[in-house]
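So the chains spell out like this:
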Amino acid sequence: MITRTARLLVAALCAALLAAPAGAAEPFRVGAHRSVHGSWEVVAHRLGYFKEAGLDYTMQYFKQGKLIAQALLTNNLDVGTVGVAAFVTTVAQGAKLTAIAVTANICGTEWIVVPADSKAKGVRDLKGATFAVRSGEGTDFAFRSYVLPKHGMAESDLRWLNIATTDRVAAMLAGNAQAAVLDDPQAEIARNKGLVRFLEDFCPYDNIRMMHAGNPMTLKTNPGAYEKYFRAWLRAHELKRTDPEKFARVYTGALAEVGDKGEYPVVLAVVKRLRSEPALTPEVKAYMVDMAEKQKRLGWIKRVPRFDQGEAVDGSIFEKVSSQKN
């Protein structure tokens, strides 16, 4: 028998459901990377671009692209940046992710660094050193696959410390690593403080991309949210192109809130190095296939996804919004 209390609870629940707005949706969930390639989202957020585009959203910071990928795969995020190497590996292993744009070409914002008092003058001088990097990231793949061979070195010539970019300066200062890959803005902030010295960036070796990835479930059920998102996101790209000083001022304030305190001139230098190349061009897709083939030879994956034939790649929403701007 249903009690009077139970009947009242059922009635209240039904009334609440009837009162709920038809088609009410959860806020669109944006993931912002702590490195400089996450600046587009941060600037669009702080300048109100997302709200002006009509996007109901939340935003969360992440230290690593892998964490963003995990959040997308577990349906805890709708859009975010994933390193191209991790994206390729994840898709090849059967996970459902979709590349919807290119966050940036980051070769000029990724640095091979050593402590400021290190005697190393080049990569070859690092033989036998402990090197800090995050295993499986695009910069890790590029360093092992392109940088080391260029200098006549193999992976066995180094010892490896697998940690997030935000922890690598501390690891070097503590003597736990003698060199590292370091992302901007953390790299430039650390150099400006006299903590590290740059050996070189990655541009002579590889045009590393960060992939803008979407949640396949949300792409199907709410493509309009991605249109609003891209309208705001591309406004941030345009601001960086036309007024990098304003872009850098906004980003400097945002960095302080998450503990990456850098002076405006330092952040401006970083922002100017960031390359805005958001389209999923045939060249980008071919680059992803080439990376997958290299990963297969290394034994990381067993299958090469056909990104060049549209597998796990869909730039249609970005292209639609981009064409509306022009």
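Our structure's up above, just so we're on the same page.
I will try to describe carefully the structure that is included in this document. Owing to the predicted nature of the structure, the values given are computational and were not obtained by experimental measurement.

Quick look at the overall build of the chain now. A tally of helices and strands in the chain yields 14 helices and 10 strands. Over its C-alpha atoms, taken along the principal directions, the chain stretches across nearly 80 × 50 × 45 Å. Evaluated residue by residue, the chain yields a buried proportion of 54% over its 326 residues. Taking all contacts inside the chain whose residues are at least 6 apart in sequence as the whole, residues at least 24 apart take part in 78%. Summed over its atoms, the accessible surface of the chain is roughly 14800 Å², and 52% of this surface lies on carbon and sulfur atoms. Each charge class in the chain was averaged separately, 43 positive and 34 negative side chains, and the resulting centres sit 3 Å apart.

The subject of this paragraph is unusual backbone geometry. Cis peptide bonds are those with omega within 30 degrees of zero, and the linkage from Asp-184 to Pro-185 qualifies with 10°. Here Pro-185 is to be found in the loop between strand S8 (179-183) and helix H8 (186-192). At Asn-75, a position not held by glycine, the phi torsion is positive, near 60°. Although it is not a glycine, Ala-312 adopts a positive phi angle of roughly 60°. Topologically, Ala-312 is positioned in the loop between helix H13 (282-298) and helix H14 (316-325).

Another point: the nonpolar core. Counting residues in hydrophobic clusters, the biggest one holds 97 residues, and the most contacted among them are Phe-87, Leu-126 and Phe-307. Top element by residues in this core is helix H10 (residues 223-242). It accounts for nine residues. Residues within four places of Leu-126 in sequence aside, it is in contact with Ile-112, Val-114, Ala-120, Phe-131, Met-153, Asp-157, Leu-158, Ala-179 and Leu-199. Core analysis: the next-biggest nonpolar cluster, separate from the first, contains 14 residues, Trp-111, Ala-132, Met-172 and Leu-182 among them.

Taken in spatial order, the five strands line up as S7-S6-S8-S5-S9 in an open sheet, and their pairing is mixed. In this open sheet, the two strands that pair with only one neighbour each are strand S7 (159-162) and strand S9 (196-201). Within the sheet, the average angular offset between the axes of one strand and its neighbour, ignoring direction, is 30°. Sheet analysis places strand S5 (residues 110-115) next to S8, joined by four bridges and oriented antiparallel. Paired with Glu-110 across the two strands is Asp-183, which belongs to S8. Those strands touched by helix H6 (residues 138-150) are S5, strand S6 (130-133), S7 and S8, and its axis lies near 165° from that of S7.

Now for the side chain of Lys-240. Counting through the fold element by element, Lys-240 comes out in helix H10. Glu-277 provides the closest opposite charge to the buried, salt-bridge-free Lys-240, at an N-O distance of 9.5 Å. Polar side-chain contacts of Lys-240 include one of 2.7 Å to the backbone oxygen of Leu-274. Discounting chain neighbours no more than four positions away, the residues touching Lys-240 are Trp-40, Phe-247, Val-271, Lys-272 and Leu-274.

At a minimum axis distance of 5 Å, the contact between H10 and helix H11 (residues 244-257) shows a crossing angle of 120°. Taken together, H10 and H11 sit at an angle that is classed as oblique. Taking contact as the criterion, the partners of Ala-236, Leu-239, Lys-240, Arg-241 and Thr-242 in H10 are, on H11, Pro-244, Lys-246 and Phe-247.

Right, let's get into H10. Compared with the 28 Å implied by 1.5 Å per residue over 20 residues, the 29 Å span of H10 between its first and last C-alpha is a close match. Burial in H10 covers these residues: Ala-225, Tyr-226, Glu-227, Tyr-229, Phe-230, Ala-232, Trp-233, Leu-234, Ala-236, His-237, Leu-239 and Lys-240.

Here we take up helix H4 (residues 65-73). Residues that lie three or four places apart on an α-helix share one face, since the helix turns once every 3.6 residues. All of the buried residues along H4 are Gly-65, Ile-68, Ala-69, Ala-71 and Leu-72. Taken around the axis of H4, the buried residues stretch over an arc of 165°, which confines them to a single face. Looking at the buried positions of H4, the neighbouring elements they touch are strand S1 (28-33), strand S2 (57-62), strand S3 (79-83) and strand S10 (209-214). Looking one or two residues beyond H4, the residue adopting positive phi is Asn-75, at roughly 60°.

Procedures and definitions
Residues numbered from 1 in each chain as written. Predicted model: local features only at pLDDT ≥ 70, side-chain atom pairs only at ≥ 80, totals over all residues. Heavy atoms only, no water. Helix = DSSP H or I, 4+ residues; strand = E, 2+ residues; numbered from the N terminus. Buried < 20%, exposed > 50% of the residue type's maximum accessible area, 1.4 Å probe, protein only. Contact = heavy atoms within 4.5 Å. Areas by Shrake-Rupley, 256 points an atom, 1.4 Å probe, with all protein chains shown as cover. Lys, Arg positive; Asp, Glu negative; His and termini not counted. Charge placed at Lys NZ, Arg CZ, Asp CG, Glu CD. Core = buried A, V, L, I, M, F, W, Y, C linked by side-chain atoms within 4.5 Å. Pairing = 2+ DSSP bridges. Axes fitted to C-alpha atoms, helices over the stretch in contact; angles between N-to-C directions. Salt bridge = Lys/Arg side-chain N within 4 Å of Asp/Glu carboxyl O. Polar contact = N/O pair within 3.5 Å; in protein donor to acceptor, adjacent residues only side chain to side chain. Parallel < 35°, antiparallel > 145°, perpendicular 65-115°, else oblique. Expected span 1.5 Å × (residues − 1). Arc of directions from axis to C-beta.

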